[in-house]
Amino acid sequence: MVKKLPFTKKKISGIMDKHKTPFHIYDEKGIRENAVRLKKAFKDFEFKEFFAVKCLPNPFILKIMKDEGFGLDCSSLPELLLAEKVGIAGENIMFSSNDTPAEEFAKAKELGAIINLDDISHIEMLEKTAGIPELICFRYNPGPERKGSRFIGDPKEAKYGFTKEQLFEGYKLMKEKGVKRFGLHTMVVSNELDPSSFVQTAKMLFELVVEVNEKLGIRIEFVNFGGGVGIPYKPTDKPVDIDYVAAEVKKLYDEIIAANGLPPLKIFTEYGRNMAGPYGYLVARVIHMKHIYKDYVGLDASMANLMRPAVYGAYHHITVLGKENEKPTHMYDVTGSLCENNDKFAIDRILPEVEVGDIVVIHDTGAHGHAMGFNYNGKLRSAELLMREDGSVVEIRRSEKVDDYFATLDFKKLGKFKV
Ligand SMILES: *Cc1c(COP(=O)(O)O)cnc(C)c1O
């Protein structure tokens, strides 16, 4: 598949007149069209997507997700506060955290969020700090039952969720404590492109719903498939066919849930990457070309703006704007300026000949891009821009200034500090 861009070089040059590179720019049209596709795929269900805030925690984006009818999946206190700021509360928030601090349970409960417990021991903490809610969800870890994926890894090596035994014990305990409504969650893969993995997850959860009903007399009201749907980072990757997944899930639903005479079961997802990843781009300028033992393209962006290539060895496609139709003839390492040799967006990438001043677009930075940014080496975090459906561009987060970098330091105190 050819990796296309929703903008031209002329458009980006115009944006660069007003906004300094590097910046991330998001494509509202792409986000909304994808959201509509997801809802359409699951139209036969009572379905809700809870967008995983951690992928792209910008309130302007969250407002678009809200407008599409989505809830939010939050995993920390600041993410809960972000949800509150965009006017999302109650059961439109799924609080899926792990190793959770007590005060976060309290805020989640205050907002009326669906609390998704990661561990059986959290029941006691929740009861002490927030009280037992009317509705509870548990995250299931199938352990040796499932293979998992390259990122989360083998489920039995993963830190998340309840064992099967604990799941039954937990539901029983919560029922005794007065919980009236129940949900079931799992997430065993990340950035997975094999659609059968999601079908298997649905089957596993549907069968568990039946088993919990039979053994404990508990009706599970919803299953949450978690996130983990991959995106085609490489031109050769095949996107996950969500229509196929939803159609297979429907068959399983009819065979397992409906055929057993269970009441309607809601289907929830917590997709993050799939909702935002392909619709973000990191735009940078080439500031240096360096030729030593290898040839290097030096950008004004660094892994502080996008750390996936450095930490995961992840592939991000790179387009040299205006050179889309030129032959890729040169091999480069595309680097940032951190004093870290892994600060590379690409290694041995074949591109058209690059020159100082070229504009480079790094694809698929809409999820886990700006969000994973950091200040190491005194790097200031970039701006985030949104290209609206009418083509206009809004700055939805300004770039950091040196004062932001110093904001947590007290230089008056330093002046009085005797050494
Ligand atoms: C990260 C995360 C998600 C989103 O994952 P994607 O792979 O981006 O879809 C959903 N749920 C939980 C609990 C997560 O930790």
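Presented here is an overview of the structure given in this document.

Definitions and limits used
Residues numbered from 1 in each chain as written. Predicted model: local features only at pLDDT ≥ 70, side-chain atom pairs only at ≥ 80, totals over all residues. Heavy atoms only, no water. Near = heavy atom within 4 Å. Polar contact = N/O pair within 3.5 Å; in protein donor to acceptor, adjacent residues only side chain to side chain. Nonpolar A, V, L, I, M, F, W, Y, C, P; charged D, E, K, R; others polar. Patch = residues over 30% accessible without salt bridge, like charges linked within 9 Å, V, L, I, M, F, W, Y side chains within 5 Å. Areas by Shrake-Rupley, 256 points an atom, 1.4 Å probe, with all protein chains shown as cover. Salt bridge = Lys/Arg side-chain N within 4 Å of Asp/Glu carboxyl O. Helix = DSSP H or I, 4+ residues; strand = E, 2+ residues; numbered from the N terminus. Pairing = 2+ DSSP bridges. Axes fitted to C-alpha atoms, helices over the stretch in contact; angles between N-to-C directions. Core = buried A, V, L, I, M, F, W, Y, C linked by side-chain atoms within 4.5 Å. Buried < 20%, exposed > 50% of the residue type's maximum accessible area, 1.4 Å probe, protein only. Domains from an automatic or database assignment. Contact = heavy atoms within 4.5 Å. Parallel < 35°, antiparallel > 145°, perpendicular 65-115°, else oblique. Left-handed = near helix turned anticlockwise from the far one by under 90°. Arc of directions from axis to C-beta. Right-handed = clockwise from strand over helix to strand, strands pointing away. Phe/Tyr/Trp six-rings, centres within 6.5 Å; stacked < 30°, edge-to-face > 60°. Lys NZ or Arg CZ within 6 Å of the ring centre and 35° of its normal.

## Here we look at the site of the ligand
At step 1: The environment of the ligand is formed by 14 residues, the closest being Lys-54, Gly-228, Glu-270, Gly-272 and Arg-273.
At step 2: Within the contact set of the ligand, an oxygen atom lies 2.9 Å away from a backbone nitrogen or oxygen of Gly-228.
At step 3: For the ligand, an oxygen atom lies 3.3 Å from a polar atom in the side chain of His-368.
At step 4: Among the residues forming the shell around the ligand, the class breakdown is four nonpolar, five polar and five charged.

## Observations concerning a nonpolar patch on the surface
At step 1: Together, Leu-380, Val-402, Tyr-405, Phe-406, Leu-409, Phe-411, Leu-414, Phe-417 and Val-419 line one region of the surface with nonpolar side chains, adding up to about 910 Å² of accessible area.
At step 2: Counting only elements with at least two residues in the nonpolar patch, the list comes to helix H12 (402-405) and helix H13 (411-416).
At step 3: Looking at the element boundaries, Leu-414 is found in helix H13.

## So, the sheet that holds strand E2 (residues 47-52)
Within a sheet, neighbouring strands are paired by backbone hydrogen bonds and run either parallel or antiparallel to one another.
At step 1: The strand order E2-E3-E4-E5-E6-E7-E8-E9 describes a closed barrel built from eight strands, whose pairing is parallel. Here the strands of the sheet are splayed against their neighbours by 25° on average, with no regard to which way each runs.

## Quick notes on the environment of Asp-404
At step 1: Along the chain, Asp-404 turns up in helix H12.
At step 2: For the pair Asp-404 and Arg-388, spaced 16 residues apart in sequence, the C-alpha separation works out to 28 Å.
At step 3: For Asp-404, the side chain forms a polar contact with the main-chain nitrogen of Lys-401, separated by 2.7 Å.

## Remarks on the nonpolar core
At step 1: Formed by 84 residues in total, the largest nonpolar core has its most connected members in Phe-42, Leu-117, Tyr-171, Leu-184 and Phe-206.
At step 2: It is helix H8 (residues 195-216) that contributes the most residues to this core, 11 residues altogether.
At step 3: Composition of this core by domain shows at least three residues from each of domain 1 (28-277) and domain 2 (278-406).
At step 4: In contact with Leu-117, other than residues within four places in its own chain, are Phe-105, His-122, Ile-123, Leu-126, Ile-136, Cys-137, Phe-138, Arg-139, Phe-162 and Met-174.

## So, the packing of H8 against helix H9 (residues 242-258)
At step 1: Where H8 contacts H9, the two axes come as close as 9 Å, and the packing angle between them is 20°. Judged on the interaxial angle alone, H9 and H8 are roughly parallel. When the axes of H8 and H9 are compared, the crossing they make is right-handed. Contacts from Pro-195, Phe-198, Val-199, Ala-202, Lys-203, Phe-206, Glu-207, Val-209 and Val-210 of H8 reach H9 at Tyr-244, Val-245, Glu-248, Val-249, Leu-252, Tyr-253, Ile-256 and Ile-257.
At step 2: Broken down by class, the residue content of the contact of H8 with H9 amounts to 14 nonpolar, no polar and three charged.

## Here's the deal with helix H6 (residues 122-129)
At step 1: Within the sequence span of H6, burial applies to His-122, Ile-123 and Leu-126. The buried residues of H6 occupy an angular sector of 105° when the element is viewed end-on, so they sit on one face.
At step 2: Looking at the packing, one finds that the buried side of H6 touches helix H5 (102-111), strand E5 (114-117), strand E6 (135-140) and helix H7 (164-176).
At step 3: Positive phi appears at Gly-131, one or two residues downstream of H6, with a value of about 90°.

## Examining the pairing of E6
At step 1: In terms of burial, E6 is largely enclosed, as six of its six residues are buried.
At step 2: Residues Leu-135, Cys-137 and Arg-139 point to one face of E6 and Ile-136, Phe-138 and Tyr-140 to the other, with burial holding for every one of them.
At step 3: When E5 meets E6, the two strands line up parallel, connected through three bridges. Within the sheet, the bridge partner assigned to Ile-115 lies in E6 and is Ile-136.
At step 4: At this point the chain moves from E5, through H6, to the parallel E6, and the crossover so formed is right-handed.
At step 5: Sheet topology places E6 next to strand E7 (residues 181-186); six bridges connect them, and they run parallel. Considered in E7, the bridge of Cys-137 is made with Gly-183.

## Some details on the packing of aromatic side chains
At step 1: One pass over the structure, following the stated rule, counts 14 aromatic pairs.
At step 2: Grouped by ring-pair contacts, the aromatic residues Phe-42, Phe-45, Phe-47, Phe-206, Phe-225 and Tyr-253 constitute a single cluster.
At step 3: A cation over an aromatic ring shows up here: Arg-139 above the ring of Tyr-160, its NZ or CZ 4.1 Å from the ring centre.
At step 4: Over the aromatic face of Phe-168 sits the side chain of Lys-215, whose NZ or CZ is 5.3 Å from the ring centroid.

## Thoughts on the packing of H7 against H8
When two helices pack together, their arrangement is given by the angle between the helix axes and the distance between those axes.
At step 1: The contact between H7 and H8 brings their axes to 11 Å, and the two run at 50°. With respect to their mutual orientation, H7 and H8 come out oblique. Read as a crossing pair, H7 and H8 show a hand that is right-handed. Contacts between H7 and H8 pair Lys-164, Leu-167, Phe-168, Tyr-171, Lys-172 and Lys-175 from the former with Leu-208, Glu-211, Val-212, Lys-215 and Leu-216 from the latter.
At step 2: Classifying every residue of the contact of H7 with H8 by side-chain character gives six nonpolar, no polar and five charged.

## A few points about helix H4 (residues 77-85)
At step 1: Turning to H4, its buried residues number three or more, namely Glu-79, Leu-80, Leu-82 and Ala-83. Down the axis of H4, the sector holding all buried residues measures 155°, keeping them to one side. Set apart from the buried face of H4 by more than 90 degrees, the exposed residues are Pro-78 and Lys-85.
At step 2: If you follow the buried residues of H4, they end up packed against helix H3 (59-67), strand E3 (71-74), strand E4 (93-96) and H5.

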